[in-house]
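Breakdown of the fold
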Amino acid sequence: MNYKDALSASGNKGVTRNYPHMPGIDVVGVIVTSNSAKFKVDEKVIVTSYDLGMNTNGGFAEYIKVPADWAVQLPENLSMKEAMIIGTAGLTAGMSVYRLSEMVKPADGTIVVSGASGGVGSLSIAILKKLGYQVAAITGKESETDYLKRLGADSIIARKDFEELDKKPLLKPSFAGAIDTVGGVILENIIKSVLPMGVITCCGNVASPKLDLTVFPFILRGIALIGIDSQNYPMSYREQVWNKLAKEWKTDAFAATCNEVTLNELNEKIKLMLEGKLKGRTVVKIQ
């Protein structure tokens, strides 16, 4: 279950135009019928993002029908449950780490992750730690400190403190790179706090889609800001990231983020997600 599913399930027209509708933007399953030469009956496949669960009926069902171009073969080293623990959140985290790690190495310094207790943030921390990075986690939930440290965070930064940093165009350079999941003031202050030649990936705007800052961090420090759009990410990159998540990036910490529920329990979890009270990943087991 993802935040988009919670929005769709609660009637958000920005996500789903026509109701009744079946949400579920992440699914893994076994092919029962195929009109494509790419996939055969009985193969296990993952489908995430694209239009699934938005205006195409999604994964909260026993059967779905999707274009073959949306599907990725389930990697051998990954169980179906593990694939859904990862899901769109883990794929987005993987895409973020993939782009960041091309230019920033563990020896370069600390990576800061915002929205740390959310799906993308928590899985980003786990992957970064597996790769040997030092990780600082920004969170508004002080109660999740132990949880974030178990995932691999080396230090915790209170969101309210980070939001209240000086309004100067540049701040003390503290981080080699960042994975931002929230946007707004948090992203502004991350940009102003990254070391020269640092890299920031940005995949969310729940705080705000707007930025109020100068070009100084980009020109004077030469930093790079990379947008991550997991919904329409090219298939060649998707396959690479899924294979890394199944092999060298795989970590036992993924399981620590998982809460498995049945369809009957979805309403309660959707309510908690919309209230910002649901942590980690919620996997729906279709009975």
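Please refer to the structure higher up on the page.
Residues numbered from 1 in each chain as written. Predicted model: local features only at pLDDT ≥ 70, side-chain atom pairs only at ≥ 80, totals over all residues. Heavy atoms only, no water.

On to the overall build of the protein chain, then. When you go through the protein chain residue by residue, the secondary structure sums to 10 helices and 11 strands. Taking 2.2 N^0.38 as the reference for a compact globule, 287 residues should give roughly 19 Å; the C-alpha atoms of the protein chain span a radius of gyration of 19 Å, in line with that estimate. Oriented by its inertia axes, the alpha-carbon framework of the protein chain measures out at about 55 × 35 × 35 Å. Looking at the 287 residues of the protein chain, the share that counts as buried comes to 49%. Restricting to contacts in the protein chain with at least 6 residues of sequence separation, those with at least 24 account for 66%. (Helix = DSSP H or I, 4+ residues; strand = E, 2+ residues; numbered from the N terminus. Rg over C-alpha atoms; globule rule 2.2 N^0.38 Å. Buried < 20%, exposed > 50% of the residue type's maximum accessible area, 1.4 Å probe, protein only. Contact = heavy atoms within 4.5 Å.)

Looking now at helix α6 (residues 184-193). Along an α-helix, a turn takes 3.6 residues, which lines up residues three or four apart on a common side. Burial of α6 is extensive: nine of the 10 residues sit out of reach of the surface. Buried within α6 are the following residues: Gly-184, Ile-186, Leu-187, Glu-188, Asn-189, Ile-190, Ile-191, Lys-192 and Ser-193.

What follows concerns the side chain of Asp-26. In this fold, Asp-26 is placed in strand β1 (residues 26-30). By relative accessible area, Asp-26 is classed as buried at 9%. In this structure the side chain of Asp-26 is engaged in a polar contact, spanning 3.4 Å, whose partner is the side chain of Arg-281. Those residues in contact with Asp-26 that sit more than four places away from it in its chain are Asn-2, Val-47, Thr-48, Ser-49, Leu-52, Gly-59, Met-84, Gly-87, Thr-88 and Arg-281. (Polar contact = N/O pair within 3.5 Å; in protein donor to acceptor, adjacent residues only side chain to side chain.)

This part is about the sheet that holds strand β3 (residues 71-73). In a beta sheet, neighbouring strands pair by backbone hydrogen bonds and run either parallel or antiparallel. The three strands are arranged β1-β2-β3 in an open sheet whose pairing can be described as antiparallel. The open sheet terminates on both sides in strands that have one partner only, identified here as β1 and β3. On average, each strand axis in the sheet is tilted by 30 degrees relative to the strand beside it, whichever way the strands run. In this sheet, strand β2 (residues 44-48) lies alongside β1 in antiparallel orientation, the contact comprising five bridges. Paired with Val-27 across the two strands is Val-47, which belongs to β2. Against the sheet, helix α2 (residues 80-101) touches β1 and β2, its axis set at about 150 degrees to β1. Relative to β3, helix α8 (residues 235-246) is tilted by about 40 degrees, and along the sheet it contacts β2 and β3. (Pairing = 2+ DSSP bridges. Axes fitted to C-alpha atoms, helices over the stretch in contact; angles between N-to-C directions.)

In this model, Tyr-19 is joined to Pro-20 through a cis peptide bond whose omega is 5 degrees. Along the polypeptide, Pro-20 turns up in the loop between α1 (3-9) and β1. Positive phi is not limited to glycine here, since Tyr-50 has a value of about 50 degrees. Within the secondary structure, Tyr-50 is located in the loop between β2 and β3. Non-glycine residue Met-197 carries a positive phi angle of around 70 degrees. Tracing the backbone shows Met-197 in strand β8 (residues 194-202).

Turning next to the nonpolar core. Ile-125, Leu-128, Leu-148, Trp-242, Leu-245 and Phe-254 are the most contacted members of the largest nonpolar core, which has 57 residues in total. Phe-254 has contacts with Ile-85, Ile-86, Leu-123, Ala-126, Ile-127, Leu-245 and Trp-249, leaving out every residue within four places of it along the chain. The next biggest cluster of nonpolar side chains, apart from the first, holds 16 residues, and it includes Ala-136, Ala-178, Ile-200 and Ile-223. (Core = buried A, V, L, I, M, F, W, Y, C linked by side-chain atoms within 4.5 Å.)

In this section: the environment of Asn-77. Relative to the helices and strands, Asn-77 resides in the loop between β3 and α2. Among the residues examined, Asn-77 registers a relative accessible area of 43% and is labelled partly exposed. C-alpha separation for the pair Asn-77 and Asn-243, spaced 166 residues apart in sequence, amounts to 8.6 Å. The contacts of Asn-77, once residues within four sequence positions are left out, are Glu-82, Ala-246, Lys-247 and Lys-250.

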